[in-house]
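Examining the three-dimensional arrangement
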Amino acid sequence: MADLTTDFLGIKSPNPFWLASAPPTDKEYNVRRAFEAGWGGVVWKTLGEEGPPVVNVNGPRYGAIYGADRRLLGLNNIELITDRDLYTNLEEIKRVKADYPDRAVIVSIMVPCEEESWKAILPLVEETGADGIELNFGCPHGMSERGMGSAVGQVPEYIQMVAEWCKKYYSKPVIVKLTPNITDIRKPATAAKLGGADAVSLINTINSITSVDLDLMAPQPTIDGKGSHGGYCGPAVKPIALSMVSEIARNPETHGLPISGIGGVTTWRDAAEFMALGCGNVQVCTAAMTYGFRVVQEMISGLSSWMDEKGYTSTADFIGMAVPSVTDWQHLNLNYVTKARISQDDCIKCGRCYAACEDTSHQAISMSEDRTFEVIDEECVACNLCVNVCPVEGCITMEQLPKGATDPRTGQKVGDYANWTTHPNNPGAVKAAE
Amino acid sequence: MTDTRYASGVKPGRLSGEDIAANFTDMHPPLGDHEAAVAADRCYFCHDAPCVTACPTAIDIPLFIRQIQGGKPGDAGRTIFDQNILGGMCARVCPTETLCEEACVRNTAEEDPVEIGRLQRYATDTVMAGNTHPYTRAAPTGKRVAVVGAGPAGLACAHRLAMHGHEVTLYDARKKPGGLNEYGIAAYKTVDDFAAREVDWLLGIGGIKLETGVKLGEAFTIRELQEDFDAVFIGVGLGGVNRPGLPGETLDNTEDAVDFIARLRQANDKAALPVGKKVVVVGGGMTAVDAAVQAKMLGAESVSMVYRRGRDAMGASLFEQDHAAKNGVSIVTNAAPVGIAGQVVTEEITFVRTETGPDGKLTTTGEEFSREADQVLLAIGQKLDIASPRIEIENGKIKVSGPGRTNLERVWAGGDCTPGEDLTVVAVAEGRDAAEDMHTMLTEG
């Protein structure tokens, strides 16, 4: 069994699976259950400043997007930060941390963008014995209207400023949670680093309306005939999160900045992918909210056995391993030529590859009377659409043409690595030395 | 009342009313909304889908399932009815395991097809529950058509003609319309008087005058119809039954399986129906299975279905054979009946063992065996029964070319009385296609 123990900013946890700041971590009862189920850590649901707590709507808070068989693919919420008293939360955090010293307990915080507010709450949090804090600069709904959450995360200067206050008034690690509702994720990440933050976590939820009730003519979830955009999360957002994580990981200004990966982690594989792109650990919410805390068991066993298969003895062995493979389009090898190959043994003859290619792509698949589907190499541009729409995994694959072979489509021989920067069609091509 | 549960002879009351009611509930109960959503999600929306090719009426199955996925089962029903106005009955009685569901690519993927038949029922039930007929007639053409036989072929033909604005008179020899849907299908496949309700719903199109209890050759001749109408469709099915010509086949309690089935279908109280203690059904087709299973459901102690050839030659599909076996029917193959014995009533039936030679020819081995039987049901096939010297018959069926054209002028035919598989869905396709051909002739001259 590979060792899943993770050291993130000096915070040790038995595995890299933390519960993200969200409803599952809103109170002691849930967090104890989570730890009993095996979660490595939690980021406690965001605390607000002292005084009357925020209030939530009393109608539906969530909306969802489904795949086949009503499999939940995306979840949207309009819930705010904790609506429980600050001191109740602080007491519970203290008790839980004392009882589970081997687990990571991080406290998420969101208070107004004023130094006094941060100066007031940070010592209270410090006193709980929690392992660190996460600054919620991500929530895109409700609190952002009050100048908090993503309203801060969208202004790099604010991020830097608040991070600096936190480093000033708090002694333990500071994680800045980033909103994806921004054009260039590298800017807020850089600001967090400049402000002295120890790490960033991302992504928070994405502005979303999951659906429109066509009878009420209102967005869902609908509160008395009206709806407000919410924050989108779950498996559907994973690709967006992976891309943002990779941008921070490969950006020279933020390269090496610890990252806690968030966004649709549902199985061990999702976690391994985030970690391969540079995340020191991952945070999970939707999977737990969909299936309950037990899902962590599959994550733990899956990651561990995969590491055994690969010969990794600790998570540090593969964290960031895929980062050097993330590059700009212009550097992709234009002499990497592949052709689709359909395994006739595996083909179930549904014809989806044919429909996709014939109707929407390159007319590169033939269909015979007896429903045999074959690739026409002269037309195949290797777009991969047939692979993607085929219902049978592994039935259609991409085969690389060896160097020196002639591509039947272009009539050209497959040559050495060459990319767009030197391509003759590129007006800005860098001329090879004469 | 005496206890007849275990008595010999053909007697009612072998099972309680509750047990019989439970036995005759829907064979494939309707899908609920959730079940339908789950089942529909499995469809791959194949290109040029094999299931459509396999459907004699060419229903656009991927489209209707996608409409169910989209939360519009009514639209799905309309897609079905566009091709097959008896889509409701076909959803219940089609041997989908040898048609659409056999062709489903999910068989290759995981040996478990999409439940097309039950999804079709879900969609068609939705439309029919609306209690309004979904089609409207075209403007009247002034043309009149006689449709003889109100079974699946005649009904499909009449409906399509009515839609095109023609005036249809629909004749049937029986008291009720529906043909085999009404008289010939096992009761557990079409519960709650569905066949009759379907006919009422279909006639909702308007423009169809129904006349029952009138038989071709008795009430009128084809020649008279040719004179009185602009076109004629013959869909009389196979009204006659084959008889093996066995010694003793006229004994009491030996009868044609189709009569047994019809009696069951028409019975208001199945518990009052008599059934043998030991029943032997002779034959290997769908009719034999329907008779054997229902005899068992009525409480027969033992039911054997005896077929003269091997299992692979049986007309009943593998699914039907399994269905029979599951219901406690014992299937005996390679045994041909040679005689039925008894004083007045049936007591015993004797078979001779058979073999199929390499040339496919059936020979008897001479080895005989007898079975105690207080009821014998003969299901060795139906035959054409039509009193018309002029219409051309070939291999026991009305000869047709193209979409059901007979040798007689302006006379079409379709359904079981013409060549092709004797299935409801095939009859619907033939009736529909003949109607389109008639329509072309009637409107283009």
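About the cut-offs
- Residues numbered from 1 in each chain as written.
- Chains lettered and ligands numbered in written order.
- Predicted model: local features only at pLDDT ≥ 70, side-chain atom pairs only at ≥ 80, totals over all residues.
- Heavy atoms only, no water.
- Phe/Tyr/Trp six-rings, centres within 6.5 Å; stacked < 30°, edge-to-face > 60°.
- Helix = DSSP H or I, 4+ residues; strand = E, 2+ residues; numbered from the N terminus.
- Buried < 20%, exposed > 50% of the residue type's maximum accessible area, 1.4 Å probe, protein only.
- 1 Å grid on protein atoms, 1.4 Å probe; cavity = no way out; pocket = protein on both sides within 12 Å on 5 of 7 lines; lining within 4 Å.
- Points joined across faces, edges and corners; volume = space filled by probe spheres on them.
- Nonpolar A, V, L, I, M, F, W, Y, C, P; charged D, E, K, R; others polar.
- Contact = heavy atoms within 4.5 Å.
- Buried area = accessible area lost by both parts, 1.4 Å probe.
- Salt bridge = Lys/Arg side-chain N within 4 Å of Asp/Glu carboxyl O.
- Domains from an automatic or database assignment.
- Polar contact = N/O pair within 3.5 Å; in protein donor to acceptor, adjacent residues only side chain to side chain.
- Pairing = 2+ DSSP bridges.
- Axes fitted to C-alpha atoms, helices over the stretch in contact; angles between N-to-C directions.

On to the packing of aromatic side chains. Residues and elements named next belong to chain A. Counting across every chain of the model gives 12 aromatic pairs over all chains. On the basis of an interplanar angle of 90° and a centroid distance of 5.9 Å, the ring pair of F8 and W18 is categorised as edge-to-face. One end of the pair, F8, is in strand 1 (residues 6-8); the other, W18, is in strand 3 (residues 17-19), with 10 residues separating them in the sequence. As far as the burial class goes, F8 and W18 line up, both buried. Between W118 and F137, the ring centres sit 6.5 Å apart and the planes meet at 80°, which makes this aromatic pair edge-to-face. With a gap of 19 residues between them, W118 in helix 3 (residues 115-126) and F137 in the loop between strand 8 (132-136) and helix 4 (150-153) connect regions that are remote in the sequence.

Attention now moves to the layout of surface pockets. Taking a probe equal in size to a water molecule and rolling it over the atoms shows the remaining empty space. A volume near 590 Å³ is recorded for the second largest pocket. A per-class count over the lining of the second largest pocket returns 12 nonpolar, 10 polar and 4 charged.

What follows covers the interface of chain B and chain A. Facing the 12 residues of chain B at the interface are 14 residues of chain A. Where chain B abuts chain A, roughly 990 Å² becomes buried across the two surfaces, and 62% of that area is made up of carbon and sulfur atoms. Broken down residue by residue, the surface that chain B buries against chain A is led by D41(B), Y44(B) and H47(B), which jointly contribute 55%. Scanning the region where chain B abuts chain A turns up 0 salt bridges.

Residues and elements named next belong to chain B. Under the domain assignment, chain B is made up of domain 1 (33-129), domain 2 (144-239 + 385-444) and domain 3 (241-378). With centres defined by C-alpha atoms, the gap from domain 1 to domain 2 works out at 26 Å. The partner domain 2 presents 21 residues to the 19 residues of domain 1 that form the contact. It is I85, L86 and M89 that lose the most area in domain 1 upon contact with domain 2, and together they represent 37% of the buried surface on that side. Our enumeration of links across domain 1 and domain 2 arrives at 0 salt bridges. One can count 4 residue pairs in polar contact (both at pLDDT 80 or more) joining domain 1 with domain 2. Elements that contribute at least two residues to the side of domain 1 that touches domain 2 include exactly helix 5 (73-83), helix 6 (87-93) and helix 9 (116-129). When grouped by side-chain class, the residues that make up the side of domain 1 that touches domain 2 number 12 nonpolar, 5 polar and 2 charged.

As a further point, take the sheet that holds strand 10 (residues 199-202) of chain A. Residues and elements named next belong to chain A. Strands sit in the order 3-4-7-8-9-10-15-16 around a closed barrel of 8 strands; the barrel is parallel. The mean inter-strand angle of the sheet, taken between neighbouring strand axes irrespective of direction, is 25°. As paired elements, strand 7 (residues 104-109) and strand 8 share 4 bridges and run parallel to each other. Paired with V107 across the strands is I133, a residue of strand 8. Across the sheet, helix 3 is in contact with strand 4 (41-47), strand 7 and strand 8; its angle to strand 7 comes to roughly 165°.

All right, on to the side chain of N204(A) then. Residue and element names in this part refer to chain A. As for its placement among the helices and strands, N204 is situated in the loop between strand 10 and strand 11 (206-208). Engagement of the side chain of N204 in a polar contact is seen with the side chain of T205, the distance being 3.3 Å. Apart from the residues lying within four places of it in its own chain, the contact partners of N204 are N136, G138, C139, P140, K177, L178, T179 and P180.

Take the sheet that holds strand 7 (residues 278-282) of chain B next. Note: strands within a sheet are paired through backbone hydrogen bonds, in either parallel or antiparallel orientation. All names here are of chain B. Spatially, 6-13-7-8-9 is the arrangement adopted by the 5 strands of the open sheet, whose pairing is parallel. In this open sheet, the two strands that pair with only one neighbour each are strand 6 (254-256) and strand 9 (329-332). On average, each strand axis in the sheet is tilted by 20° relative to the strand beside it, whichever way the strands run. Two elements, strand 7 and strand 13 (residues 375-378), share 4 bridges in a ladder whose sense is parallel. In the strand pairing of strand 13, V282 is matched with L378. Packing of helix 14 (residues 257-266) onto the sheet brings it into contact with strand 6 and strand 13, and relative to strand 6 it is tilted by some 80°. Most of the contacts of helix 15 (residues 286-298) go to strand 8 (residues 302-306), to which it runs at about 170°, and overall it touches strand 7, strand 8, strand 9 and strand 13.

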